[in-house]
Amino acid sequence: MLEPGDWVRALRGPISVLGAGGFVGANLLRRLLKYREDVFGVVRTLPAWRLDGIDRRHILEADLIDLAATRNLVANVRPSTIFDCIAYGAYSFETDQELIYRTNFTALVQLMELLADTGFTAFVHAGSSSEYGTNSAGPLEEASLQPNSHYSVSKAAASNYISYVGNIRRLPVLNLRLYSVYGPLEDLSRLIPNLVAKGLKGAFPPLVDPNTSRDFVYIDDVCDAFVHAAARLTPDIYGQAFNIGTGRATTIREVAKVAGDVFAIRAEPIFGSMAGRSWDLPDWYAAPGKAERLLDWTAKTDLATGLKLTSEWVRSLEGLDAGAMTKRTPSPRRRSISAIVACYKDEQAIPVMHRRLTDTFKKLDVNYEIIFVNDGSPDNCADRIVEISATDPHVLGITHSRNFGSQMAFRSGMEMSVMQACVLLDGDLQDPPELIEQFYHRWTEGYDVVYGRRVKRDMPFGWGFLYKAFYRLFAYLSYVKIPLDAGDFSLIDRRVVGWLLRSPERDLFLRGLRAYIGFRQTGVDYVRPKRMFGKSTNNLLKNLEWAKRGIFSFSNAPLKMLSAAGVVLLGVSIVLGVIVAGLRILIPDIAPRGATTLLLASLFFGAINLFAVGLLGEYIAKIMEEVKGRPRLIRAGLIRNGETSQLLPDEATWS
């Protein structure tokens, strides 16, 4: 007979547990991590009290209602086995109807469509016995669904969608209809944790009608069901649903009796002292025969044993903040930020940047990650990133196969980010990390983009004058409103990041593209310091290239100027031609003679033509760059926890 660890080890990895901050998801994640390392829990936001003590490298933060976040997660993790435990609306106080459908149905469809082309091997969805609605007394899986709440409608829709993608599109998916799951890590507002907590004190909590029945199934048995389902997911059961319950209808009176025996409660329960939920039904229990036959699964834990096991967890909570362990009184949501640092010849600056970023984020009390992008640097940037990541799980490193430029380095980091906002910084410390605090406060006020505005530069007057002149010329010529003196240093909300990543151009000029996308934007003034280490990699020619990139990407003015110059010169030529012809007729000796005039005219118009051809060539070169369709950037490896994983062309890792 196979042990639980054998079932877990049989799964194809990597494994993702979606909704890992929830009751079922957290228990499932902990079960899997007992036996494997390639397991990642995905939570909407941190902190998540159920995940305390789990290594941060196994936890990813992503709001899967957001399509961009879902796309990034699928592209970066590429899970083979997925356990989907995301849900909203099962609690009576979760009443946001739009959020119920977006969470339980729309997010599932988005995710499945993105996974469809990845070759995943198993997708197990946490459905609900609520799908049966009023048909709740021991229905078989083939019975009609008769939803009686927004939550049950949304879960029934998800079940039908899974049936479609499994049976028609032949994707390896199935749906587990869970009954009344209980056990450690359950929300403290629920019946069983309340019953146990009160029982340990010799009392009963308020109870509903004593004849109301439920099918109580212990959490460990449910985790086994998920693992069995993924391990035995063969084509003949694609798209099917399975009831996950004990098959026993246990009334509230019987629950009280078992609890009274387990905890030696002398008080009498007061039934009917608590109102039931609006969608509650008197008989609600499972017919689990199909799971027994096809998944080799049965519930093994009886209610008395389950209550004893749950009581051990409840006892461990003594002295902790119980209010933080229920959705009924949620704590304020913490925001999350990815710092994306473009590194080129910044070996000495990387440790300083890491320390200053860490101090800033801890001061703000936000969830964060620091993504160092080694853009083909010829020094030892990669080694410094490896050393830092070995001691800080917040650090992720990306290594490019060659130097693609800072703009592509920023794009590479944004593609990997799963946080709520990205901060773009150059690795030379000319963008002071401490300014992020002001960016953050403007973001919380409702701005989608907060950029640094360089009111002064610590450099020679001549260079400073040229930079200011460029920004004003660029703003004047551009067909979008460009903020003056604003570089790449900025905080960008995830919505804007999503639109930036949907922009297909390869010759990026991010500060212009950021302005083009719009949303609410504001600036924060600062003085840009000198480079802390080494010499600047910029020079006059590189700055001219930057100027050309910006102007030719966001302005048609040069072409319009050529057209205007052509019209003016044509007019002048006609006027001069008429004058010369008249003079030749009226006063033959005054008309210009010799080669000098012709030579000067030829040089003038020849220069104009060459200049025009050059301008057209710049635009054509940009068109050529785009239509070639070459990769924008090539990631050679990822750095996490002091280890470097080399990447294949599809960005799968190999060792």
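Since the model is a prediction, treat every value here as computed from it, not as a measurement.

**Quick word on the overall build of the protein**
Per the secondary structure count, the protein includes 20 helices and 21 strands. The 655 residues of the protein split such that 50% are buried. Of the contacts made within the protein by residues no fewer than 6 positions apart, 80% connect residues no fewer than 24 positions apart. For the protein, the accessible surface area stands at approximately 30600 Å², while carbon and sulfur atoms represent 57% of it.

**What to know about the nonpolar core**
Of all hydrophobic cores here, the largest spans 68 residues; its most connected members are L32, F83, L176 and F226. A total of eight residues in this core trace back to one element, the largest contributor, which is helix α7 (residues 219-231). With near-sequence residues (within four places) excluded, F83 lies in contact with L11, I15, S16, V17, L18, L28, L32, V124, F226, V227 and A230. V395, L429, Y440 and L491 belong to the second-largest nonpolar core, a separate cluster that totals 35 residues.

**As for the sheet that holds strand β6 (residues 173-178)**
Taken together, the seven strands give an open sheet; going across it, the order is β3-β2-β1-β4-β5-β6-β10, and neighbouring strands pair in parallel fashion. Looking along the sheet, the strands with just one partner apiece sit at the ends: β3 (59-61) and β10 (241-244). Pairs of neighbouring strands in the sheet enclose a mean axial angle of 20°, with direction left out of account. Bridging between strand β4 (residues 81-84) and strand β5 (residues 122-128) involves four bridges; their strand directions are parallel. Among the inter-strand pairings, I82 is bridged to a residue of β5, identified as F123.

**A look at empty space enclosed by the protein**
By the definition in use, this model includes five cavities of 30 Å³ or more. By volume, the largest cavity amounts to about 70 Å³. In terms of lining residues, the largest cavity is bounded by A68, A69, N72, M414, S417, V418, M419, C422, R494, V497, G498 and L501. Examining the composition of the lining of the largest cavity, we find that four residues originate from one element, helix α16 (residues 494-501), more than from any other. Considering only residue class, the lining of the largest cavity consists of eight nonpolar, three polar and one charged. Here the second largest cavity is characterised by a volume of approximately 60 Å³. Here the element with the most residues in the lining of the second largest cavity is helix α4 (residues 97-115); it accounts for five residues. When the residues that make up the lining of the second largest cavity are grouped by side-chain class, the tally is five nonpolar, three polar and one charged.

**A few points about the pattern of salt bridges**
One pass over the structure, following the stated rule, counts 22 salt bridges. Measuring nitrogen to oxygen at the nearest pair gives 2.6 Å for the salt bridge that ties R177 to E131. Of this pair, R177 sits in strand β6 while E131 sits in the loop between β5 and α5 (150-167); the two residues are 46 residues apart in sequence, bridging distant segments of the chain. Given the relative accessible area of 0%, E131 is considered buried. A network of salt bridges, in which partner residues are shared, links R31, D220 and D224.

**Points about the side chain of N27**
Relative to the elements of secondary structure, N27 occurs in helix α2 (residues 23-33). Note on N27: relative accessible area 11%, which makes it buried. Here the side chain of N27 touches P184 through a polar contact of 3.1 Å, landing on its backbone oxygen. Beyond its immediate sequence surroundings of up to four residues, N27 is in contact with P184, L185, I219 and C223.

What counts and what doesn't
Residues numbered from 1 in each chain as written. Predicted model: local features only at pLDDT ≥ 70, side-chain atom pairs only at ≥ 80, totals over all residues. Heavy atoms only, no water. Helix = DSSP H or I, 4+ residues; strand = E, 2+ residues; numbered from the N terminus. Buried < 20%, exposed > 50% of the residue type's maximum accessible area, 1.4 Å probe, protein only. Contact = heavy atoms within 4.5 Å. Areas by Shrake-Rupley, 256 points an atom, 1.4 Å probe, with all protein chains shown as cover. Core = buried A, V, L, I, M, F, W, Y, C linked by side-chain atoms within 4.5 Å. Pairing = 2+ DSSP bridges. Axes fitted to C-alpha atoms, helices over the stretch in contact; angles between N-to-C directions. 1 Å grid on protein atoms, 1.4 Å probe; cavity = no way out; pocket = protein on both sides within 12 Å on 5 of 7 lines; lining within 4 Å. Points joined across faces, edges and corners; volume = space filled by probe spheres on them. Nonpolar A, V, L, I, M, F, W, Y, C, P; charged D, E, K, R; others polar. Salt bridge = Lys/Arg side-chain N within 4 Å of Asp/Glu carboxyl O. Polar contact = N/O pair within 3.5 Å; in protein donor to acceptor, adjacent residues only side chain to side chain.

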